[in-house]
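# Inside the fold
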Amino acid sequence: MLGTEAKQMSGVLQLGYLVFEVSDLAAWKDFGTKILGLHIVGDQGNRGFGLRMDQHFQRFFIEPGPADDLAAVGWEVDGPVALEAVVDRLKAGGHQVTRGTAEDAARRNVDALVRFEDPAGNPCELYHGPKLAGESFVSEVARSGFVADEQGLGHVVVVSKNAEEHEAFYANMLGLKLSDYIRCEYFGHKIDVTFMHANSRHHSFAFGDGRDKRIHHFMVQVHAMDDVGLCYDRFLFSGGMVHQTLGRHPNDKMFSFYGYTPSGFHFEFGYGGVEVDDETWEPTTHGIVSEWGHHPPQLLTKAYRRAKQERDKQD
Ligand code: FE
């Protein structure tokens, strides 16, 4: 549980960027631009590229490598004083912090950064002074644009080993606040996910048990429901594999679907997430993962086959 100290202390402002190590840069270029509707920035050929979605110069760093996984989560603080405050807390908590060089900061287009790991070993970067883009962001693909800027890029869901320890780390070190939990059974799988927020976005960060990768999924949010449907169509017709069909979550009320990225982990594309007001927000535990939808498509295919067999018998 969070103490009053954790609730009041200065912490991260937002989920600022994600770094992915990917084995197929070309596939990610197509996916990022043609499916998600982001723009390529800082293209360095076979050394990777960035993706832009709002006034931040970039929100994703796509870097080459065999892992096909999350390489780092970038958390933004509002200046050098806030950065040092978090560094002091991390060190006092016995966590190892490495200062990024000027070159490291330049590579991320920020004024300064430090690196550390969370209790599950997920690489984290803490930075201030992000480079902003000169002109406003307009996507010809996701026309309503993305809910980002002060709310950060969206959310990321990572693997934890010990949920209690993980929650305490993010609350006490980074100042994230608890949004809620989802605990239930879903088609034979036990789901136990903790959701935390850094600003008014319902959650910038969540974690639960995982399997083979550090990341479960990341989410980006658009301003119009139709842009979710249009992305769904683009993804289906591009031969993309849906992981969970359209649906709505009970906690953040996000209307969304999930698909496989070219790296095998998932993305969520959503609309309509609720915002949190810390004055009135009461964390709860939800006993379902979706109010409707978010079905694995293979189950729908099975149901369809069964129904068709029944109909064929009647004819
Ligand atoms: Fe999500």
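Above this text is the structure in question.
Residues numbered from 1 in each chain as written. Predicted model: local features only at pLDDT ≥ 70, side-chain atom pairs only at ≥ 80, totals over all residues. Heavy atoms only, no water.

Mapped onto the fold, aspartate 209 is located in the loop between strand 12 (205–208) and strand 13 (215–222). Using a relative accessible area of 62% as the deciding quantity, one classes aspartate 209 as exposed. For the pair aspartate 209 and lysine 190, spaced 19 residues apart in sequence, the C-alpha separation works out to 9.1 Å. In this structure aspartate 209 touches Ser160 and Asp192, once residues within four positions along its chain are discounted. (Helix = DSSP H or I, 4+ residues; strand = E, 2+ residues; numbered from the N terminus. Buried < 20%, exposed > 50% of the residue type's maximum accessible area, 1.4 Å probe, protein only. Contact = heavy atoms within 4.5 Å.)

Of the pockets and cavities examined, the largest pocket occupies roughly 1200 Å³. The element contributing the most residues to the lining of the largest pocket is strand 11 (residues 189–197), with six residues. Along the lines of polarity and charge, the residues of the lining of the largest pocket split into 19 nonpolar, 16 polar and eight charged. (1 Å grid on protein atoms, 1.4 Å probe; cavity = no way out; pocket = protein on both sides within 12 Å on 5 of 7 lines; lining within 4 Å. Points joined across faces, edges and corners; volume = space filled by probe spheres on them. Nonpolar A, V, L, I, M, F, W, Y, C, P; charged D, E, K, R; others polar.)

On to the nonpolar core, then. Proteins that are soluble and globular tend to have nonpolar side chains buried together. In this structure, Leu18, Phe20, Phe60, Trp75, Phe218 and Phe269 are the most contacted members of the largest nonpolar core, which totals 61 residues. Residue contributions to this core peak at five residues, all from helix 3 (residues 80–92). (Core = buried A, V, L, I, M, F, W, Y, C linked by side-chain atoms within 4.5 Å.)

Let us now look at the sheet that holds strand 13. Adjacent strands of a sheet pair through backbone hydrogen bonds, lying either parallel or antiparallel. In space, the ten strands of this open sheet follow the order 17-10-11-12-9-13-16-15-14-18, with mixed pairing throughout. Looking at which strands have only one partner, the edges of the open sheet turn out to be strand 17 (284–286) and strand 18 (292–293). Bridging between strand 14 (residues 242–248) and strand 15 (residues 255–260) involves four bridges; their strand directions are antiparallel. Bridging across to strand 15, arginine 248 finds its partner in phenylalanine 255. (Pairing = 2+ DSSP bridges.)

On to empty space enclosed by the protein, then. Enumeration according to the criterion identifies one cavity of 30 Å³ or more in this entry. A volume near 50 Å³ is recorded for the largest cavity. Residue lining of the largest cavity: Gly16, Tyr17, His56, Phe57, Gln58, Arg108, Asn109, Val110, Tyr127, Pro130 and Lys131, and that is the complete set. The residue inventory of the lining of the largest cavity, partitioned by class, reads five nonpolar, four polar and two charged.

It is worth spelling out the packing of aromatic side chains at this point. For the coordinates displayed, the defined rule picks out 24 aromatic pairs. Considering the side-chain rings of phenylalanine 20 and phenylalanine 218, the 5.3 Å spacing of their centres and the 40 degrees angle between planes classify their relative orientation as tilted. Of this pair, phenylalanine 20 sits in strand 1 (residues 14–22) while phenylalanine 218 sits in strand 13, placing them 198 residues apart in sequence. Taking relative accessible area as the criterion, phenylalanine 20 reaches 0% and is therefore assigned buried. With 6.1 Å between their ring centres and 45 degrees between their planes, phenylalanine 255 and tryptophan 292 make a pair best called tilted. Of this pair, phenylalanine 255 sits in strand 15 while tryptophan 292 sits in strand 18; the two residues are 37 residues apart in sequence, bridging distant segments of the chain. What makes tryptophan 292 partly exposed here is its relative accessible area of 42%. For arginine 108, the ring lying beneath its charged end belongs to phenylalanine 61, and the centroid distance is 4.9 Å. (Phe/Tyr/Trp six-rings, centres within 6.5 Å; stacked < 30°, edge-to-face > 60°. Lys NZ or Arg CZ within 6 Å of the ring centre and 35° of its normal.)

Once that is clear, we can look at the side chain of glutamate 76. Inspection of the secondary structure assignment puts glutamate 76 in strand 5 (residues 69–76). Notably, glutamate 76 is buried but unbridged: the nearest opposite-charge side chain belongs to arginine 59, and the N-O separation is 4.9 Å. Reaching out from glutamate 76, the side chain makes a polar contact with the side chain of histidine 56 at a distance of 2.8 Å. In terms of polar contacts, glutamate 76 uses its side chain to reach the side chain of tyrosine 127, at 2.6 Å. Residue contacts for glutamate 76: discarding those within four places in its chain leaves Val12, Leu13, Gln14, Gly16, His56, Tyr127 and Pro130. (Lys, Arg positive; Asp, Glu negative; His and termini not counted. Salt bridge = Lys/Arg side-chain N within 4 Å of Asp/Glu carboxyl O. Polar contact = N/O pair within 3.5 Å; in protein donor to acceptor, adjacent residues only side chain to side chain.)

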